[in-house]
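What the coordinates show
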Amino acid sequence: MPISSSTPGSAAATAHGSFDLVLKGGSVVLPDATVVTDVYVRDGLIAAIGGQGKAARELDCTGLTILPGVIDTQVHFREPGATENEDLESGSRAAVLGGVTGVFEMPNTKPTTSTPEAVADKLARARNRMWCDHAFYVGATVDNADQCGELEKLPGTAGIKVFMGSSTGNLLVSEDDMLERVLRSGLRRVAIHAEDEARLKERMDERVEGDPSSHPVWRDDETALRATTRALRLARKTGRRVHILHITTPQELALISQHRDIASSELTPQHLTLAGEDAYARLGTLAQMNPPIRSGAHRDGLWHWMSQGMPDVIGSDHAPHSLEAKGKPYPASPSGMPGVQTLLPLMLNHVANNRLTLRRLVDLTSAGPQRLFGLVRKGRIAVGYDADFSIVDLKARWTIEQSWLASKCGWSPFTGETLMGRPVGTIIRGNQVMWEGTLADKAIGAPLKFDMTDRPSA
């Protein structure tokens, strides 16, 4: 059968014959263009883009948009130790229902993920239970600071995570000499929660009993900026690349913009969406997280830096707690909110409202994670890459309902919000894991793979 020479990939499709799966007629976001075409899959990989061929399964994507698989680079799935709030199965189920194909899970569990044995335990727990592909951060501690270079090489690890501010157990690395030891041990990019522990302790009296709106007064801009400044100074001194998580102040992004050779940055959907003036009055302690939801002016400042090419990635900082725990009067209430399931919907809504382009969103959620962390065969729709797709309906107007939420914690700060843009399907390595809210028969998530060599800074 003759094939138009103008159809991308037509020769490849014809040459390779039959396929396992074809996504038909979707608007496909490729690295250099968005085109309505077919995508062919064989053996879990993208085998051809465009052209014609026979496939064992056909998925009609007419009217839908096919994105590279979304990767959430910061989630807390609470297993082991707090599985009443979340576990690897329920958290990853929420992820794929929200169109997320891969996650980096954080180490502040009980026990902490700070030893080879703890990493092996998490990988074993994930096997045949996690719905999406996954990697686990290793937490830096005072005990393992000099071994981080070996720990970051463990299969299935996303790298080293540092908590400069209050955290679980012995994960706190608050002093510069200890942080320098961590940065001198290893090669991969180090993820940092940047809040200054000394300032947090100094300002504890700023917390007002029963008033969660005092949370950002206590954990003020200077608390974040001081820690980020320290982290950048030590990164420069040691020549180590760092990744500053969940940034909340425009000043931090301005500072990081002067150090792009050694530093990358993350924003969260909630800091780009919520404003403290409304959130604390409406949501109370459900809006409480670390670092905190700040003012509308802060939120607008983050959007300004988005327009300047900052940040590098979007991560949800999915951190669920039960409604019972969140119902305690501030400051006895724990910080954190769920977010992995609403990451893509919220950001699609921002695309619909012209706050960013779809191509920029893809860079923040797919290409960016691949580029920063050296993910193998992830992050773009290209022949030879894993057949990971987040399939969305950009024109769907819908409301987040309680019944849609899969997290064990059972709530979201965005319940009742009406959005434009909805996840329709989640395909991982050619497996249809979710379609129209219905899950596959079994979980097929596998450990993510990384290029462990020392690569040029992104």
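Note that this is a predicted model, so its numbers are computed, not measured. (Residues numbered from 1 in each chain as written. Predicted model: local features only at pLDDT ≥ 70, side-chain atom pairs only at ≥ 80, totals over all residues. Heavy atoms only, no water.)

**Focus on the pairing of strand E7 (residues 100-105)**
Cut-off, in case you're wondering: Burial here depends on accessible area, computed with a 1.4 Å probe over protein chains only, as a share of the maximum for the residue type. Under 20% is buried, over 50% is exposed, and the range in between is partly exposed. Elements are defined by DSSP. Helices are runs of H or I of four residues or more, strands are runs of E of two residues or more, and each kind is numbered from the N terminus. At least two DSSP bridges between two strands are required for those strands to pair. With the strands pointing away from the viewer, any crossover whose connection runs clockwise from the first strand over the helix to the second is right-handed.
Of all six residues in E7, six are buried, a share of seventy percent or more. Sheet topology note: the strand E6 (residues 70-75)/E7 ladder contains four bridges and is parallel. Within the sheet, the bridge partner assigned to Val75 lies in E7 and is Glu105. Between E6 and its parallel partner E7, the chain crosses via helix H2 (residues 88-97), and the hand of that crossover is right-handed. Looking at chain direction, E7 and strand E8 (residues 133-139) are connected through four bridges and run parallel. Bridge assignment links Phe104 to a residue of E8, and that residue is Ala135.

**Looking at the confidence of the model for the protein**
The predicted coordinates of low-pLDDT regions are not to be read in fine detail. Applicable threshold: Confidence of the prediction at every residue is given by pLDDT, a number between 0 and 100. We call two residues in contact whenever any of their non-hydrogen atoms come within 4.5 Å of each other.
In the predicted model, the protein carries a mean pLDDT of 94, and 94% of its residues have values of at least 70. Note on residues 1-15: pLDDT is under 50 here. Beyond four places in sequence and across chains, it has 25 contacts.

**Section: the packing of helix H14 (residues 343-352) against helix H15 (residues 358-373)**
To keep things clear, this is the line we draw: As a rule, the C-alpha atoms of each element are fitted with a line to give its axis, helices using only the stretch in contact, and angles between N-to-C directions run from 0 to 180 degrees. In these notes the angle categories are as follows: under 35 degrees is roughly parallel, over 145 is roughly antiparallel, 65 to 115 is roughly perpendicular, and the rest is oblique. We call a crossing left-handed when the near helix sits turned anticlockwise from the far one by less than a right angle, and right-handed when that turn is clockwise. Gly is placed with the polar residues, together with every amino acid not listed as nonpolar (Ala, Val, Leu, Ile, Met, Phe, Trp, Tyr, Cys and Pro) or charged (Asp, Glu, Lys and Arg).
The contact between H14 and H15 brings their axes to 10 Å, and the two run at 150°. It follows from the interaxial angle that H14 and H15 lie roughly antiparallel. Our pair here, H14 against H15, has a crossing hand that is right-handed. Between H14, through Leu343, Leu344, Met347, Leu348 and Val351, and H15, the contact on the second element is made entirely by Leu358, Leu361 and Thr365. Among the residues forming the contact of H14 with H15, the class breakdown is seven nonpolar, one polar and no charged.

**Some remarks on the pattern of salt bridges**
The test is simple: The term salt bridge refers to a pairing of a side-chain nitrogen on Lys or Arg with a carboxyl oxygen on Asp or Glu at a separation within 4 Å.
According to the stated counting rule, one finds 34 salt bridges in the structure shown. A salt bridge links Arg236 to Asp261; the shortest N-O distance between them is 2.8 Å. With Arg236 in helix H8 (residues 221-238) and Asp261 in the loop between helix H9 (250-256) and strand E12 (263-267), this pair connects stretches of sequence that are 25 residues apart. The partner of Lys378 in a salt bridge is Asp386, and the shortest N-O contact between them spans 2.9 Å. For the residue pair Lys378 and Asp386, the accessibility class agrees, reading buried in each case. Connected via shared salt-bridge partners are Glu79, Asp87, Asp121, Arg125, Arg129 and Lys408.

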